[in-house]
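Spelled out, the chains give:
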Amino acid sequence: MQTLPEAGDTTRRRRSSRGTTGRGGRRVFNFAAGPAIMPRVVLTQARDEMLDWRGTGISVLEMPFTGPEFTEILAHATEDLRGLLAIPGNYRVLFLQGGAYAHHAMVPMNLLRGRERADYVETGHWSRRGIAEARRYCRVDVAASGERDNFTRVPPRQTWRLNPDAAFCHITTNETAQGLEFHWTPETGEVPLVADMTSDFLSRPVDIARYGLIYASAQKNVGPAGLTIVIVREDLLGGALPGTPTVFNYKIQADNDSMVNTPPTYAIYLAGLVFNWVQDQGGMPAIERLNRRKSAKLYAAIDANGFYRCPVAPADRSLVSVCFRLSDESLEARFLAQAHRRGLFNLKGHRVMGGIRASLYNAMPEEGVDALIDFMEEFSRHHG
Ligand SMILES: *Cc1c(COP(=O)(O)O)cnc(C)c1O
C-alpha cells in the first residue's frame, strides 16, 4: 500500500528546493547564484543536531555566544578554514555580518590608514558596486576597466595604471553576474591587494600571502546568508577612519575574536560543517579539480554548435558562474521553463545581464552538470 504525505506535511516538498529528490522522487539540481546549493550531508547533519548539539541538550541556535560550546564551534571553524587555505600566522580570520556589500564600505573605512586614495579594477557588476561605495570614503582611481569590452575579459595587468600612493588595490576575483574570473593573481608591489572573493571563495586554492585582505559573503560557495568572512593581514589593521562604528572596525573585531557583539552563530556553525565537508572531499586541490572538470564540460557543450554562446573570453571564463545566451534569445524563457520542469532550477541570469547562468559551486555534483548538458543537447535538437 502506498503512503501519501498528509496535507500539512511540508517536509517532502521542502526537500525539493535543497537539491536532491523532489516530488515524485525525481532528482532536482539547484543552480542558484546565492543563497545557493549546500552539501546534502551538511544539511542532514545540521538536521540531526538541530535539537541537541552533541549531547549538550540544547540547539546551537540557543547557545550563548560567550559560552564554552559556541567558543569551541568558532575555534574549530577558524582552525579548519586556516588549514584549508593554509592561512599564514600573521593573518586574522573574522566572521562578521553585513554581506559583501557592507564590506565594500568597510574596506576603505578600515584600510585607508590616513591615505586618501585607492585603486580599483573595474571588471563588472560587483566591482562597480564596490567602486560606488568606496567613493563615499576616498578618492577612487579606476586602475583598469573592462567596460570597453563589455566586461567580457579581465584587463591584462600591463594595462593597469597603479598609483604607488594608493592605500590598496581592489579586485573582484569572480564577477558573479558576468561570469568572468581572475585566473591569476596580480602583482601590486607595496600596495596591498584586496579582493572581493564572494563567489569563488573556497572554490580553489589561494595564495593568501599575495593579498592584504580577502572578504566573502558565505551564501555563494560556503553556506548560509548572514555571514561574511574576512581574512586580513595583521599589520594593515589599526588605521580605521575616525567615526568608524565599533562593530565595523576590523581591528576591534580581531582583538575580540569577532565577538564585539553577537556574531551570526548558527551561520558560523553551518560554515564550520561545510569546511569539514571540503576536508572530506580532499581539500582545495581536489575541489579545484572537480570544479575545473564540471565547468570545462559545460563550456564545451555551450561552444559545441552555435546554438548557445558564451561571450566571455575563454581564458577569463569563470569556473563557478557559467553565463551564456541562446543565439536566438527569444527562446530563453522557454529554455528556463522547460529546464525547471526537468528539475534544473534557478538558471536565470543575473537581473542586469539576462540570459542563462549556471552556478557550479562546490556542492553542485557532477551529475547536476551532466543533467544540464543532456537537457541543453535535447533542447537544441528540438529548436535548432
Ligand atoms: C553576491 C555578491 C556580492 C553581494 O553580496 P551580499 O552578501 O548580498 O552583500 C558582492 N560581491 C560579489 C562578487 C558577489 O557575488
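Here goes a summary of the coordinates provided.

## Considerations on helix α10 (residues 366-383)
Here is step 1 of the chain: Between its first and last C-alpha, α10 extends 26 Å over 18 residues, near the 26 Å set by a 1.5 Å rise per residue.
Here is step 2 of the chain: Those residues of α10 that fall on the buried side of the exposure criterion are Glu366, Gly368, Val369, Leu372, Ile373, Phe375, Met376, Phe379 and Ser380.

## Regarding the sheet that holds strand β2 (residues 91-96)
Here is step 1 of the chain: What the seven strands build is an open sheet, ordered β2-β10-β9-β8-β5-β3-β4; its pairing is mixed. The two strands at the open ends of the sheet, each matched to only one other strand, are β2 and β4 (139-145). The average undirected angle you get between the axes of adjacent strands in this sheet is 20°.
Here is step 2 of the chain: Relative to strand β8 (residues 193-196), strand β5 (residues 169-172) is paired through four bridges, and the arrangement is parallel. Paired with Thr172 across the bridge in β8 is Asp196.
Here is step 3 of the chain: Strands β2, β3 (117-122), β8, β9 (213-217) and β10 (228-233) of the sheet are contacted by helix α4 (residues 99-111), whose axis makes an angle of about 160° with β9.

## Section: the pattern of salt bridges
Here is step 1 of the chain: Evaluation of the coordinates by the stated rule reveals 23 salt bridges.
Here is step 2 of the chain: Here Arg342 ties to Glu378 by a salt bridge, and the two come within 2.3 Å at their closest N and O atoms. In this pair, Arg342 is assigned in the loop between α9 (332-341) and β13 (344-345) and Glu378 in helix α10, connecting sequence segments 36 residues apart.
Here is step 3 of the chain: Overall, the relative accessible area of 31% leaves Glu378 in the partly exposed class.
Here is step 4 of the chain: Look at the salt bridges and you will find they share partners, linking Arg293, Lys297, Glu366 and Asp370 into a network.

Analysis parameters
Residues numbered from 1 in each chain as written. Predicted model: local features only at pLDDT ≥ 70, side-chain atom pairs only at ≥ 80, totals over all residues. Heavy atoms only, no water. Helix = DSSP H or I, 4+ residues; strand = E, 2+ residues; numbered from the N terminus. Expected span 1.5 Å × (residues − 1). Buried < 20%, exposed > 50% of the residue type's maximum accessible area, 1.4 Å probe, protein only. Pairing = 2+ DSSP bridges. Axes fitted to C-alpha atoms, helices over the stretch in contact; angles between N-to-C directions. Contact = heavy atoms within 4.5 Å. Salt bridge = Lys/Arg side-chain N within 4 Å of Asp/Glu carboxyl O.

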